[in-house]
Amino acid sequence: MQMNFEQDILSCLQVLQEGGLILYPTDTVWGIGCDATNEAAVQKVYDLKRRPDSKSLIVLLAEERDVLQYVAAADLSLFDYLETQQKPTTVIYEGAIGFADNLVADDGSIAIRICRESFCRQLLKRFRKPLVSTSANLSGQPTAAGFAAISTEIKQGVDYVVRYRQDDLSPASPSRLIKWQHGEVVVLRS
């Protein structure tokens with residue numbers, strides 16, 4: 001298992017560095033991922049999902065300090081709140097910096113989740129850049145609850161499919177989505 005884990009990490013790193021797409025397990029559902037700083041790679045995600053690029057994608061980071069690198073003037077009290085949350089929580093931040101232009105919403109915001117899942121954390125730390133993470137489904141279709149439910153079109157549309165956790169049958173669901181406004185939580189998806 002550890003050998004597959006390491007091989008998956010190495011294969012993902014190569015694909016990501018070449019601007020390709022990966023299909024990988026996250027702390028929520030399986031995701032389609034790419035380098036969040038590479039505009040051409042981000043466009044490939046929109047194309048694969050058949051999703052308009054006006055609909056933003058989520059970005060994963062490994063550490064709180066990474067958020068400070070990619071968001072102008074983040075409210076540090078948000079991190080205390082996130083520590084109390086059991087469910088993975090994605091936050092919409094104002095003032096995105098350093099991301100591919102087609103990833104940032106028209107209002108300059110970006111949706112970021114600090115990922116605690118072991119595979120994602122290892123991949124993020126070794127890649128040293130943020131990763132796009134959008135559910136592995138076509139736009140408008142239901143989110144796949146596990147690897148087996150992901151469509152063949154999505155599996156064949158990426159450059160690498162991670163083997164790690166393909167047989168994990170634990171129920172998966174999307175993250176909670178919030179906006180942090182002046183120290184108050186606005187829940188957009190629970």
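Before reading on, note that the structure itself is shown above.
Please read these numbers as outputs of a predicted model, since none were measured by experiment.

Asks: When you look at the pattern of salt bridges in this model, what are you seeing that I'm missing?
Replies: Oppositely charged side chains may form a pair once their charged atoms are brought near each other. Scanning the model with the defined rule gives 10 salt bridges in all. Between Asp-27 and Arg-113 there is a salt bridge; the shortest N-O distance is 2.9 Å. On the criterion of sequence distance, the pair formed by Asp-27 in the loop between strand S1 (22-24) and strand S2 (31-33) and Arg-113 in strand S5 (residues 110-114) is long-range, its members being 86 residues apart. For Arg-113, a relative accessible area of 2% gives the class buried. One salt bridge connects Arg-50 with Glu-153, and the closest N-O pair in it is separated by 2.4 Å. Here Glu-153 lies in helix H6 (residues 152-157) and Arg-50 lies in the loop between helix H2 (39-49) and strand S3 (58-61), a separation of 103 residues in the sequence. Take Arg-50: its relative accessible area is 53%, and that puts it in the exposed class. Classification of Glu-153 by relative accessible area gives partly exposed; the value is 37%. Here the salt bridges share partners, and the residues they tie into one network are Glu-63, Arg-121 and Lys-125.

Asks: Sorry, what's going on with the packing of aromatic side chains here?
Replies: Aromatic ring pairs: the centre-centre distance and the angle between the two ring planes describe each pair. Scanning the model with the defined rule gives six aromatic pairs in all. Pairing Phe-5 with Phe-119 gives two aromatic rings, centres 5.4 Å apart and planes at 85°, and the pair type is edge-to-face. Remark: Phe-119 occurs in helix H5 (residues 118-127) and Phe-5 occurs in helix H1 (residues 2-17); sequence separation between them is 114 residues. On the accessibility criterion, Phe-5 (9% relative accessible area) is buried. Note on Phe-119: relative accessible area 0%, which makes it buried. Looking at Lys-155, its charged tip hangs above the ring of Phe-147, at a distance of 4.2 Å from the centre.

Cut-offs used in this document
Residues numbered from 1 in each chain as written. Predicted model: local features only at pLDDT ≥ 70, side-chain atom pairs only at ≥ 80, totals over all residues. Heavy atoms only, no water. Salt bridge = Lys/Arg side-chain N within 4 Å of Asp/Glu carboxyl O. Helix = DSSP H or I, 4+ residues; strand = E, 2+ residues; numbered from the N terminus. Buried < 20%, exposed > 50% of the residue type's maximum accessible area, 1.4 Å probe, protein only. Phe/Tyr/Trp six-rings, centres within 6.5 Å; stacked < 30°, edge-to-face > 60°. Lys NZ or Arg CZ within 6 Å of the ring centre and 35° of its normal.

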